[in-house]
Amino acid sequence: MYIGEVIVAVLVLFLAIGTIGYALSIYNSLVALKNNIARSWANIDVLLKQRHDELPKLIKVCEGYMQHERAVFDKLGDARGALAQAQTVPQRADAENQLTRALGQFFAVAEAYPDLKANQSFLQLQARISELENHIADRREFYNDTVTTFNTRIQQIPDQYVAGWLSLSPHELFRVEEHDRDDVPIEFKLTA
Amino acid sequence: MLRLDLPVYATFSLLAGPVMYVTGFRDLRIRRMIENTPTARIRSMAMGLVEVQGAVLERSQIAAPFSGNRCAYWEVDIAVRSNRRNGWVTVHRRSSGQPFFVDDGTGLALVYPEGSQCRVPSGSEEECQGFGLPDCYESYMAEQNLWQRHLWRLSGMRFRERMLVEGQHVFILGSAEPRAQSSDIANPEDGLTPEHAVPWIEPDLEATGTDGAVTSAPRVPGLSVVPAAAMLRAGSLGAGQATDAFAASGAVPGLTWARDGARVSVRSQDPAAPLVPLPGPARLRALQSRVSAVIRRGTNDPTFLISAESMTAVETSLALSTLGKLIGGVMLTLFGLGFWLMWLSAHNLSR
């Protein structure tokens, strides 16, 4: 009788430790995921800052060659300003997309200036910005993966009970705007 | 009458049960970590804990200690037959510490496998009687100064070897650090190990400069294959001459050299084996320049897993291991506790 009681007590102790341990592992993992989202967002910021710092150099190199393209420079400046002021995820996503579009237009216009295309500084900056664009795209994807994992976890059983207790809500994905999905119009001009 | 084995097993169970239970939670933690960490692309991965998948690329040519097969990473273990448990007890475990590259198509990372938990399923396994061990095992144990080998040989022995080879797909969870801005001072062509040394050829050879150019730098004792490869690459030694010279030395029988432009290849031991290209300094420099980061065991988070199994397989195996350890830990503890409680009870009753 005495032995049986001790065995049952130890079994209950193990079950209690197991349950608490499992609940703690869910709690810790949700906290880690939440921090991972913040970290992956901050890691995008690191690259955005680098790109932000490269833009004045690009404008400086190109100004001399593209004096009649004021509108393109203005668009780039506006997008850069909007990105600096953006606070929330949708605002940041919108500003970033705006800057990416402006840069795309800028490089497209630059194609019409052979002297500029031959400039080594311009080529280096173009390559650097393209590389940064690729890295930003990768990190956006990584951010979305982290957010998806988090959103899935907080809706699964038994994690949703811990998530409810922690008042965790789904995070927003980094989405591309509708006009970014449109086809880019390409015009070919025939010269005689 | 009380069997003598039972108290030993009960004590062992009582001690091992809680440990197993705790390690079950450790496995659960690692599984959660894998689940929570999305796979990053090497070219753009941030520093800190990362999960990457890609193909292994050799950084230096290393040979697995038992089979002599070329690989990027190896691990070996030696076990002796246990009479008590009718199983095997691992008495020696060792792995290579040489770094290797991982390429995921977007970039390259340098992996330092030191301190990793490596899960490499493929490999070779051989069971032998302690007396009359094959030379490769005997010489390995002698090289490692395993003085207990004379005792181990009294029973059956098992030798296991696992490798990661060039092109093999791996999954890695570890800490990414920025690539060190340092220059490689080691000879990048240290492809073959000192066991392949051919002492007599040493006076005729000179150490390599950059890109295979032969210079009059000091010689590296015991690494004659290295300058030989450089001389072949530079064209100052013919492939036939090298093959004949190495064959005549008797130190490395069956070593066949070939040169195709700047590409130097060598085939060892088995005549049917394909010619394998020796990585030259140019290849290594090209790979080194593409390295985005270094992955190793972190100081803050020591989790470091290298697996040739897929991520799903690792997760499944960790889930099963967690379940097994949690249940097994409880069962073992209860068995040990129950036995000693009954023994104490019987002891008190007899008084």
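Criteria and cut-off values
- Residues numbered from 1 in each chain as written.
- Chains lettered and ligands numbered in written order.
- Predicted model: local features only at pLDDT ≥ 70, side-chain atom pairs only at ≥ 80, totals over all residues.
- Helix = DSSP H or I, 4+ residues; strand = E, 2+ residues; numbered from the N terminus.
- Buried ≥ 20, exposed ≤ 12 C-beta atoms within 10 Å, placed from the backbone.
- Contact = placed C-beta atoms within 7 Å.
- Pairing = 2+ DSSP bridges.
- Axes fitted to C-alpha atoms, helices over the stretch in contact; angles between N-to-C directions.
- Nonpolar A, V, L, I, M, F, W, Y, C, P; charged D, E, K, R; others polar.
- Core = buried A, V, L, I, M, F, W, Y, C linked by C-beta atoms within 7 Å.
- pLDDT = per-residue confidence, 0-100.
- Expected span 1.5 Å × (residues − 1).
- Arc of directions from axis to C-beta.
- Parallel < 35°, antiparallel > 145°, perpendicular 65-115°, else oblique.
- Left-handed = near helix turned anticlockwise from the far one by under 90°.

Asker: When you look at the overall build of chain B in this model, what are you seeing that I'm missing?
Answerer: Within chain B, the regular secondary structure consists of seven helices and 16 strands. Taken across its 351 residues, chain B has 32% of its residues classed as buried. For chain B, contacts bridging at least 24 residues in sequence account for 69% of all contacts bridging at least 6.

Asker: Which parts of the structure should I look at to understand the sheet that holds strand β5 (residues 87–95) of chain B?
Answerer: Within a sheet, neighbouring strands are paired by backbone hydrogen bonds and run either parallel or antiparallel to one another. Residue and element names in this part refer to chain B. One open sheet holds the four strands; their spatial order is β5-β4-β10-β9, and the pairing between them is antiparallel. The outermost strands of the open sheet, each flanked by one partner alone, are β5 and β9 (123–128). For this sheet, the mean inter-axis angle between neighbouring strands, taken without regard to orientation, is 20°. Note: strand β4 (residues 73–82) against strand β10 (residues 157–164), eight bridges, orientation antiparallel. Each residue of the ladder has a partner; that of valine 80, found in β10, is methionine 157.

Asker: Can you help me understand the interface of chain A and chain B in this one?
Answerer: Where the parts come together, the accessible area they lose is often given as the size of the interface. Counting residues at the interface gives 21 residues for chain A and 20 residues for chain B. The element contributing the most residues to the side of chain A that touches chain B is helix α1 (residues 2–63) of chain A, with 14 residues. Grouping the constituent residues of the side of chain A that touches chain B by class yields nine nonpolar, nine polar and three charged.

Asker: I keep staring at unusual backbone geometry and nothing clicks. Help me out?
Answerer: Peptide bonds are, in most cases, trans, and in most cases residues other than glycine have a negative phi. For the peptide bond that leads from A:Ile157 to A:Pro158, omega is 10°, which places it in the cis range. Note that A:Pro158 resides in the loop between α5 (120–153) and α6 (159–165). Phi is positive for A:Ser167, close to 55°, though the residue is something other than glycine. Within the secondary structure, A:Ser167 is located in the loop between α6 and α7 (178–181). For B:Asn145, which is not a glycine, the phi torsion comes out positive at approximately 55°. Tracing the backbone shows B:Asn145 in the loop between α2 (135–143) and α3 (149–152).

Asker: Whenever I open this one, the environment of A:Trp41 confuses me. Can you help?
Answerer: Residues and elements named next belong to chain A. Here tryptophan 41 shows up in helix α1. A count of 18 C-beta atoms within 10 Å places tryptophan 41 in the partly exposed class. Between the alpha carbons of tryptophan 41 and threonine 146 there is a distance of 9.8 Å; along the sequence they are 105 residues apart.

Asker: Looking at this structure, how should I read the nonpolar core?
Answerer: Counting residues in each nonpolar core, the largest one holds 75 residues, and the members touching the most others are B:Val52, B:Cys71, B:Val102, B:Ala109, B:Leu164, B:Val170 and B:Ile172. If one sorts the elements of this core by residue count, α1(A) sits on top with 10 residues. When residues no more than four places from it in sequence are discounted, the contact partners of B:Cys71 are B:Ile62, B:Ala64, B:Met163, B:Leu164 and B:Val165.

Asker: Hey, could you run me through the confidence of the model for chain B in this one?
Answerer: Should pLDDT be low for a region, the predicted coordinates there are not to be read in detail. Residue and element names in this part refer to chain B. Confidence along chain B averages 75 in pLDDT terms, with 68% of residues attaining 70 or more. The model gives residues 181–224 a pLDDT under 50, and that stretch makes 83 contacts with residues more than four places away or in other chains. Model confidence for the complex: the whole-complex pTM is 0.70, and ipTM, which rates the interface, is 0.74.

Asker: Explanation requested: helix α2 (residues 70–85) of chain A in the structure shown.
Answerer: Along an α-helix, a turn takes 3.6 residues, which lines up residues three or four apart on a common side. Residues and elements named next belong to chain A. Helix length check: α2 (16 residues) gives 23 Å between terminal C-alpha atoms against 22 Å at 1.5 Å per residue, within 8%. Looking only at α2, the buried set comprises Val72, Leu76, Ala79 and Leu83. Along the axis of α2, the buried positions cluster into a sector of 65°, meaning they face one direction only. In this structure, α2 carries Arg70, Ala71, Asp74, Gly81, Ala84 and Gln85 as exposed residues pointing more than 90 degrees from its buried face. Against the buried residues of α2 lie α1 and α3 (89–110).

Asker: Could you clarify how one ought to interpret the packing of α1(A) against helix α1 (residues 5–36) of chain B in this entry?
Answerer: The relative placement of two packed helices is expressed as an angle between their axes plus a distance between the axes. Running from amino to carboxyl end, α1(A) crosses α1(B) at an angle of 30°, the nearest separation of the two axes being 10 Å. Here α1(A) is positioned roughly parallel relative to α1(B), judged by the angle of their axes. When you trace α1(A) past α1(B), the crossing you get is right-handed. Every residue of α1(B) that contacts α1(A) at A:Gly21, A:Ser25, A:Ser29, A:Ala32, A:Leu33 and A:Asn36 is listed here: B:Phe25, B:Leu28, B:Arg29, B:Arg32 and B:Asn36. Broken down by class, the residue content of the contact of α1(A) with α1(B) amounts to four nonpolar, five polar and two charged.

Asker: Explain the confidence of the model for chain A here, please?
Answerer: With 90% of its residues at a pLDDT of 70 or more, chain A shows a mean pLDDT of 81. In this model, residues 186–192 of chain A is a region of pLDDT below 50 whose contacts with residues beyond four sequence positions or in other chains number zero contacts.

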